[in-house]
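Coordinate inspection notes
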Amino acid sequence: MKVLGMGNALVDALVQIKDDNLLPSLDLLRGAMTLINEEHFLKISKMLSKMDKHIVSGGSASNTVSGLASLGIETGFIGRVGKDEYGKLYKDELVAHGVRPHLTEVNETSGVASTFISEDGERTFGTYLGAAALLAPEDLSAEIFKGYDFFYIEGYLVQSHALIERAVKMAKEAGLKVAIDMASFNIVEQNLDFLLKIIPQYVDIVFSNEEEAFALTKLPAEEAVSKLHEMVDLAIVKTGADGSWVQQGDYKIKVGANKVNCKDATGAGDLYAAGFIYGLAKNKDLETCAKLGTLLAGEVIQVIGPKIPSNRWSYIKEEISKM
């Protein structure tokens, strides 16, 4: 199975903070992804310039397809970057991870997600989309979708209704299965009507965490996964340290999380999706798919940043071989 991802092509600037009171002073809501304008971005950048930070290519869908590529799955990524240093870094890292870039390059500043990591591992994002926000329906062509079997969309793009609608229609016309990750509870709340229209019509698989699932269904996790399943073939609701719920047809299962030391939850959902989709690609049963997602999520939260270090993949592949 070949997987095509589409998302915001963002560079992550990650910092660890000891005091969450910093977040309101930057007009950021703890645990949420807040879209910011250039003035807000410059304010945050001024603060970041005084702190130790880690710069790495990110973006939810990009993290997922990079994880899949590290497991040997052929992947591609649709996004938009600026013709600047960050844009070059982004493209180079996609290629280094084995992902085929389908990138539109424009004369704008590349997108940057300023990521504040609290002591308990919670992430708060101030996201300046820059060039990433310019990804438009016109950037998509039928040619891009050829040769792929699976289309994975990050929910952060949902605010661009025309883009999402064109993308899912083209994916379906090309015979791809469509999956979407809900991405952030506040994005779900802001685009609720659109999601409730688009998901039953075009989406086969939904990934969400319990906050996002509640925003969509107004139900707790176990009930929410069943409600989501009424809209799609396969529904997944992640419940953090408590594991995840999965339902397809009448089959519903809960799989526990692995007990690990969480340094930074950035990328946890993205790598969970990578592990789960890998399981689907290898025709594994749903319980094993969830365990594969749990394995990868548990690995990425033990490090700072949204990518699993290259020296851990041999261990991961060994663990997968036992499943």
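Right above here is the structure, for reference.
Residues numbered from 1 in each chain as written. Predicted model: local features only at pLDDT ≥ 70, side-chain atom pairs only at ≥ 80, totals over all residues. Heavy atoms only, no water.

**Some remarks on the side chain of Ser-66**
- Looking at where Ser-66 falls in the secondary structure, it is placed in helix H3 (residues 60-70).
- Beyond its immediate stretch of four places on either side in the chain, Ser-66 contacts Leu-94, His-97, Val-99 and Lys-307. (Helix = DSSP H or I, 4+ residues; strand = E, 2+ residues; numbered from the N terminus. Contact = heavy atoms within 4.5 Å.)

**Some words on the packing of helix H11 (residues 268-281) against helix H12 (residues 286-300)**
- Viewed as axis vectors pointing N to C, H11 and H12 meet at an angle of 145°, and their least axial separation amounts to 7 Å. Every pair of crossing elements has a handedness; the one defined by H11 and H12 is right-handed. Touching Ala-268, Leu-271, Tyr-272, Ala-274, Gly-275, Phe-276, Tyr-278, Gly-279 and Leu-280 of H11 are Leu-286, Cys-289, Ala-290, Leu-292, Gly-293, Thr-294, Leu-296, Ala-297 and Val-300, all from H12.
- Residue composition of the contact of H11 with H12, grouped by class: 14 nonpolar, four polar and no charged. (Axes fitted to C-alpha atoms, helices over the stretch in contact; angles between N-to-C directions. Left-handed = near helix turned anticlockwise from the far one by under 90°. Nonpolar A, V, L, I, M, F, W, Y, C, P; charged D, E, K, R; others polar.)

**Examining the pairing of strand S1 (residues 3-6)**
- Both faces of S1 are covered, namely the face carrying Val-3 and Gly-5 and the face carrying Leu-4 and Met-6.
- The sheet contact formed by S1 and strand S5 (residues 75-82) spans four bridges and is parallel. Paired with Met-6 across the two strands is Ile-78, which belongs to S5.
- Inspection of the sheet shows S1 paired to strand S9 (residues 150-154) by four bridges, in the parallel sense. Opposite Gly-5, over in S9, you have Tyr-152 as the bridge partner. (Buried < 20%, exposed > 50% of the residue type's maximum accessible area, 1.4 Å probe, protein only. Pairing = 2+ DSSP bridges.)

**Concerning the pattern of salt bridges**
- According to the stated counting rule, one finds 17 salt bridges in the structure shown.
- The closest approach of N and O atoms between Lys-197 and Glu-165, which form a salt bridge, is 3.7 Å. Pair noted here: Lys-197 is in helix H8 (residues 192-202) and Glu-165 is in helix H6 (residues 161-173), with a separation of 32 residues, a long-range link.
- The exposure class of Glu-165 is partly exposed, given its relative accessible area of 22%. (Salt bridge = Lys/Arg side-chain N within 4 Å of Asp/Glu carboxyl O.)

**Section: the sheet that holds strand S3 (residues 33-35)**
- Read across the open sheet, the five strands follow the order S3-S8-S7-S2-S4; overall the sheet is mixed. The open sheet has two edge strands with one neighbour each: S3 and strand S4 (54-57). Averaged over all adjacent pairs, the angle separating strand axes in this sheet is 20°, with direction ignored.
- Against the sheet, helix H2 (residues 38-48) contacts strand S2 (10-16), strand S7 (111-117) and strand S8 (123-128), and its axis sits at roughly 50° relative to S7.
- Its contacts with the sheet put helix H4 (residues 85-96) on S2, S4 and S7, and the angle it makes with S4 is roughly 60°.

**Digging into H2**
- Buried within H2 we find His-40, Phe-41, Ile-44 and Leu-48. Buried residues along H2 cover an arc of 100° about the axis, so they all sit on one side. Facing away from the buried surface of H2 by more than 90 degrees, the exposed residues are Glu-39, Leu-42 and Lys-46.
- Of the surrounding elements, those touching the buried residues of H2 are S2, S7 and S8.
- Two or three places before Glu-39, at the opening of H2, Asn-37 has a side-chain oxygen 3.3 Å from that residue's backbone nitrogen. (Arc of directions from axis to C-beta. Polar contact = N/O pair within 3.5 Å; in protein donor to acceptor, adjacent residues only side chain to side chain.)

**Some details on the packing of aromatic side chains**
- Taken as a whole, this structure holds six aromatic pairs when the rule is applied.
- When the ring of Tyr-152 is compared with that of Phe-207, the centres are 6.2 Å apart and the planes differ by 70°; the resulting orientation is edge-to-face. In this pair, Tyr-152 is assigned in strand S9 and Phe-207 in strand S11 (residues 205-209), connecting sequence segments 55 residues apart. Here Tyr-152 and Phe-207 have matching classes, each one buried.
- Both rings, one in Phe-207 and one in Phe-276, keep their centres 5.7 Å apart while their planes meet at 90°; by these two values the pair is edge-to-face. With Phe-207 in strand S11 and Phe-276 in helix H11, this pair connects stretches of sequence that are 69 residues apart.
- Of the residues examined, Phe-207 reaches a relative accessible area of 0% and is grouped as buried.
- Among the aromatic residues, those joined into a cluster by ring pairs are Tyr-152, Phe-207, Tyr-272 and Phe-276.
- In this structure, Lys-252 packs its charged tip against the face of Trp-245, placed 5.8 Å from the ring centre. (Phe/Tyr/Trp six-rings, centres within 6.5 Å; stacked < 30°, edge-to-face > 60°. Lys NZ or Arg CZ within 6 Å of the ring centre and 35° of its normal.)

**Notes on H4**
- Given a rise of 1.5 Å per residue, twelve residues ought to cover 16 Å, and the 16 Å separating the end C-alpha atoms of H4 matches this to within 8%.
- Along H4, the residues that are buried comprise Gly-87, Tyr-90 and Leu-94. Looking straight down H4, one finds that the buried residues subtend no more than 60° of arc, so they occupy a single side. Opposite its buried face, H4 presents the exposed residues Glu-85, Lys-88 and Ala-96, each directed more than 90 degrees away.
- The inward-facing, buried residues of H4 contact S2, S4, H3, S5 and strand S6 (99-106).
- Looking one or two residues beyond H4, the residue adopting positive phi is Gly-98, at roughly 90°. (Expected span 1.5 Å × (residues − 1).)

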